[in-house]
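Summary of structural features
Read off the chains here:
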Protein chains: 2
Amino acid sequence: MRGQSFLAVDWGTTNRRVYRVGPDGAVEDTQRDDRGVLAIAAGGFEAEANALRARMGDLPMLCAGMVGSNRGWAEAPYVPCPAGVEDLAASLHWIEPGRTGIIPGVKWHDEGRSDVMRGEEVQLQGAVLSGLAPAGALLCQPGTHCKWAWMEGGRISRFATAMTGEIFALLKAHSLIGAQMTNAVTPGDEFLRGVADAADGALLTRLFGVRAAFVTGASGGQDAASYVSGLLIGSDVRSQVKDGTTVHILADPSLGVLYSAAIAAMGGKAMILDSHVAFVAGITHIWRSIA
Amino acid sequence: MRGQSFLAVDWGTTNRRVYRVGPDGAVEDTQRDDRGVLAIAAGGFEAEANALRARMGDLPMLCAGMVGSNRGWAEAPYVPCPAGVEDLAASLHWIEPGRTGIIPGVKWHDEGRSDVMRGEEVQLQGAVLSGLAPAGALLCQPGTHCKWAWMEGGRISRFATAMTGEIFALLKAHSLIGAQMTNAVTPGDEFLRGVADAADGALLTRLFGVRAAFVTGASGGQDAASYVSGLLIGSDVRSQVKDGTTVHILADPSLGVLYSAAIAAMGGKAMILDSHVAFVAGITHIWRSIA
């Protein structure tokens, strides 16, 4: 559907961002709100879409993210790897043909390990198709569930998800060492010490070390958040990055800088890309690929 | 204080077990209750001890465990490694000399890593001094915080603590995959698959795989607890056990069998010891070493 304006909706679990994309692919307007999937009751998605059109223009709409899960508007089945723009476009789930569509997620499976993504596939395609990253690249999308995606020939060849951010949040909110994780995480000495300590693979032991250092007075009381973040991100990066690997990171700057520092400490190279630009480029390519 | 009966109290965070030990070291009576440290208000410990003596006999009393922490009755400073029975006896914290004493915990520190234990040191000494384990042995005490202790010449030479049990509980209670962790953990195929999957060191990725397997239907819904337990225990064991290592396990049978299975899967050998026998033997040796 080349040459027509449309609304692109990045509709996640807790947040939503809408872009009006012009016929030339430029963003004409954008709005962000907290009307994520969990904020919307079953049966409420059509009214939400009408409200979006009332604000942003009565245009065709493409949605990506958890809106396509069984908790969202309608379930858009996962497309298997390798998955490119044409595969996503061909498997679009139409709420109303030509008018409102949901982009499918991507799944990966080999003997013994399964993985899924929903929403990230749009950024990944956009990063490569807009030239932010080469067609064969390792991309990383840090967050609650950090994605590592290997692109080949512009398609998602395989990927792995790590519970890095969720484990950090669990430790902070509920664990024995949570009371020592109150400071903001910064990519300084304590973070890098965590990254280095991740090298022995004894993550469960290193985490208890935070408690022990506190009760024996070996380290300060409230500064453990950066160290724990370094341990977790270090463990995550260590599983994926070899010496000399270049990683293209799609993240907000604060998280991007942490991953960057950990990747550099492991002998890799990191480049931080603009994830909003990548999303718009990706969804525009999918839009134009719809037959 | 050889040749005199005494009360031995294993006084932990949530539970308490009291033994009346006769002059010959035999257990004459034992009681278990839930009057752990967290159940007792500050200032309430003396009344608790009086109540114990009223039930079990008006005898001298030795206490071990979190009762000696800053949240307990009185803080008994940690003894550094290497720590043997004589070191623990010499650093006893007397509430009332000769009448009520608290056994100190043990700390370990080298460049970059600290560790502490409180209560476990009594079992460790007892296991070795009673002949359940040789004087030079690797002992493992699974639990919320799993202890691995290297004994040399009958003393605790060094040790490492892993947050294995706590992370399992956090995942079950609060994480995305908690809803799939409802079944009892058993040392069967799913547990052993988890142990095997721990070998690549990508724990954070393997945990997300549980979610992905569920949403793609690659594995059943509610049977993930054994797999996750295998992943965590496998990670823990993998950090400490080399091929052919013999591990002496001090644990209740259900947890002991899980660690046993993981150790065997890594090429080690496991023997499960009676932790109550070890505790009584250890505290009796400490009692007899008091000048």
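Residues numbered from 1 in each chain as written. Chains lettered and ligands numbered in written order. Predicted model: local features only at pLDDT ≥ 70, side-chain atom pairs only at ≥ 80, totals over all residues.

**Focus on the overall build of chain A**
For chain A, the helix and strand inventory stands at 9 helices and 14 strands. The C-alpha atoms of chain A give 20 Å as radius of gyration, which agrees with the globular expectation for 291 residues (19 Å, within 12%). Along the first, second and third principal axes, the C-alpha set of chain A runs to 65 × 40 × 35 Å. Taking all 291 residues of chain A together, 52% fall into the buried category. Here the contacts in chain A between residues at least 6 apart in sequence split such that 65% fall between residues at least 24 apart. (Helix = DSSP H or I, 4+ residues; strand = E, 2+ residues; numbered from the N terminus. Rg over C-alpha atoms; globule rule 2.2 N^0.38 Å. Buried ≥ 20, exposed ≤ 12 C-beta atoms within 10 Å, placed from the backbone. Contact = placed C-beta atoms within 7 Å.)

**Description of helix H8 (residues 253-265) of chain B**
Look at H8(B): 18 Å from first C-alpha to last across 13 residues, which is about the 18 Å you get at 1.5 Å a residue. All buried positions along H8(B) are accounted for by Leu255(B), Gly256(B), Leu258(B), Tyr259(B), Ser260(B), Ala261(B), Ala262(B), Ile263(B) and Ala265(B). (Expected span 1.5 Å × (residues − 1).)

**As for unusual backbone geometry**
A cis geometry characterises the amide bond from Cys81(A) onward to Pro82(A), with omega recorded as -5°. With respect to the helices and strands, Pro82(A) occurs in the loop between strand S5 (79-80) and helix H2 (85-90).

**So, the relation of the copies chain A and chain B**
Least-squares fitting of chain A to chain B yields an RMSD of 0.0 Å, with the transformation described by 0.0 Å of translation along the axis and a rotation of 180°. Interpreted geometrically, this transformation is the action of a two-fold axis. A high fraction, 100%, of the interface residues of chain A reappear at the interface in chain B, so the copies pair face to face through one surface. (Least-squares fit on C-alpha atoms with pLDDT ≥ 70 in both.)

**Things to note about the sheet that holds strand S7 (residues 100-102) of chain A**
Within a sheet, each strand pairs with its neighbour through backbone hydrogen bonds, oriented either parallel or antiparallel. All names here are of chain A. In spatial order, the strands read S3-S2-S1-S4-S7-S6; together these 6 strands make up an open sheet with mixed pairing. With partners counted over all chains shown, the strands left at the sheet margins are strand S3 (27-33) and strand S6 (93-96), one partner each. Each strand of the sheet is rotated relative to its neighbour by a mean of 20°, with strand direction disregarded. Alignment of strand S1 (residues 6-11) against strand S4 (residues 61-64), held across 4 bridges, turns out to be parallel. Looking at S4, one finds that Ala 8 is bridged to Leu 62. (Pairing = 2+ DSSP bridges. Axes fitted to C-alpha atoms, helices over the stretch in contact; angles between N-to-C directions.)

**Notes on the packing of helix H5 (residues 189-197) of chain B against H8(B)**
All names here are of chain B. Orientation of H5 relative to H8, taken along the N-to-C sense of each, is 50°, at an axis distance of 10 Å. If you check the angle between H5 and H8, you find them oblique. The way H5 lies across H8 gives a crossing that is right-handed. Facing H5, whose interface residues are Phe 191, Leu 192, Val 195 and Ala 196, H8 presents Leu 258, Ala 261, Ala 262 and Ala 265. Residue composition of the contact of H5 with H8, grouped by class: 8 nonpolar, no polar and no charged. (Parallel < 35°, antiparallel > 145°, perpendicular 65-115°, else oblique. Left-handed = near helix turned anticlockwise from the far one by under 90°. Nonpolar A, V, L, I, M, F, W, Y, C, P; charged D, E, K, R; others polar.)

**Side note on the domain arrangement of chain A**
Interface extent is often summarised as the accessible area lost during association of the parts. Split into domains, chain A comes out as domain 1 (6-135 + 276-289) and domain 2 (163-273). Centre-to-centre, using C-alpha coordinates, domain 1 of chain A lies 31 Å away from domain 2 of chain A. (Domains from an automatic or database assignment.)

**With respect to the confidence of the model for chain A**
For any part of a model where pLDDT is low, the fine detail of the predicted coordinates should not be relied upon. Chain-level pLDDT for chain A is 95 on average; 98% of the residues reach the 70-or-more range. In the model output, the complex is listed with pTM 0.94 alongside ipTM 0.93. (pLDDT = per-residue confidence, 0-100.)

**Quick word on the interface of chain A and chain B**
Chain A puts 37 residues into the contact, and the matching count from chain B is 38 residues. Sorting the residues of the side of chain A that touches chain B by element identifies strand S8 (106-110), strand S9 (113-117), strand S12 (155-162), helix H4 (164-174), helix H6 (203-215) and helix H7 (224-240) of chain A as the ones contributing at least two each. A per-element tally of the side of chain A that touches chain B places H6(A) first, with 9 residues.

**Some remarks on the pairing of S4(A)**
All names here are of chain A. What you see with S4 is no split at all: Met 61 and Cys 63 on one side and Leu 62 and Ala 64 on the other are buried throughout. Inspection of the sheet shows S4 paired to S7 by 3 bridges, in the parallel sense. Bridge pairing links Leu 62 to Gly 101 in S7.

**Details of helix H4 (residues 164-174) of chain B**
Working note: α-helix, 3.6 residues per turn, so residues spaced by three or four point in the same direction. Those residues of H4(B) that fall on the buried side of the exposure criterion are Thr164(B), Glu166(B), Ile167(B), Leu170(B) and Leu171(B). The arc that holds the buried residues of H4(B), viewed along the axis, is 165°, so those residues lie on one side. Residues of H4(B) that are buried make contact with H4 and H6 of chain A together with strand S11 (146-152), strand S12 (155-162) and helix H7 (224-240) of chain B. (Arc of directions from axis to C-beta.)

**Structural notes on the pairing of strand S13 (residues 246-250) of chain A**
Within a regular strand, the side chains alternate between the two sheet faces. Residues and elements named next belong to chain A. Summarising burial for S13: 4 of the 5 residues are buried, a large majority. Both strand S10 (residues 137-141) and S13 contribute to a ladder of 3 bridges, which runs parallel. Note that in S13 the partner of Leu 138 across the bridge is Val 247. With 5 bridges connecting them, S13 and strand S14 (residues 269-273) associate as parallel partners. Bridge assignment links Val 247 to a residue of S14, and that residue is Ala 270. In this fold, the crossover linking S13 to S14 by way of helix H8 (residues 253-265) has right-handed handedness. (Right-handed = clockwise from strand over helix to strand, strands pointing away.)

**A closer look at the environment of Gly68(A)**
Residues and elements named next belong to chain A. Summarising the element assignment, Gly 68 is placed in the loop between S4 and S5. Residue Gly 68 is classed as buried on the basis of its 26 C-beta neighbours within 10 Å. Linking Gly 68 and Thr 182, residues 114 residues apart in sequence, is a C-alpha distance of 35 Å. Residues within four places of Gly 68 in sequence aside, it is in contact with Glu 75, Ala 76, His 93, Ile 102, Ile 103, Pro 104, Gly 105 and Arg 118.

**Let's talk about the sheet that holds strand S3 (residues 27-33) of chain B**
Residue and element names in this part refer to chain B. Within the open sheet, the 6 strands sit side by side as S3-S2-S1-S4-S7-S6. Their pairing is mixed. Edge strands, defined here as strands with exactly one partner in the open sheet, are S3 and strand S6 (93-96). Sheet twist, expressed as the average angle between the axes of neighbouring strands with direction ignored, equals 20°.

**Structural notes on the nonpolar core**
Ranked by internal contacts, the top residues of the largest apolar core, which has 194 residues, are Tyr259(A), Leu62(B), Val228(B) and Tyr259(B). Once residues within four sequence positions are removed from consideration, Leu62(B) is found in contact with Phe6(B), Ala8(B), Val9(B), Gly101(B), Ile103(B), Ile283(B), Ile286(B) and Trp287(B). (Core = buried A, V, L, I, M, F, W, Y, C linked by C-beta atoms within 7 Å.)

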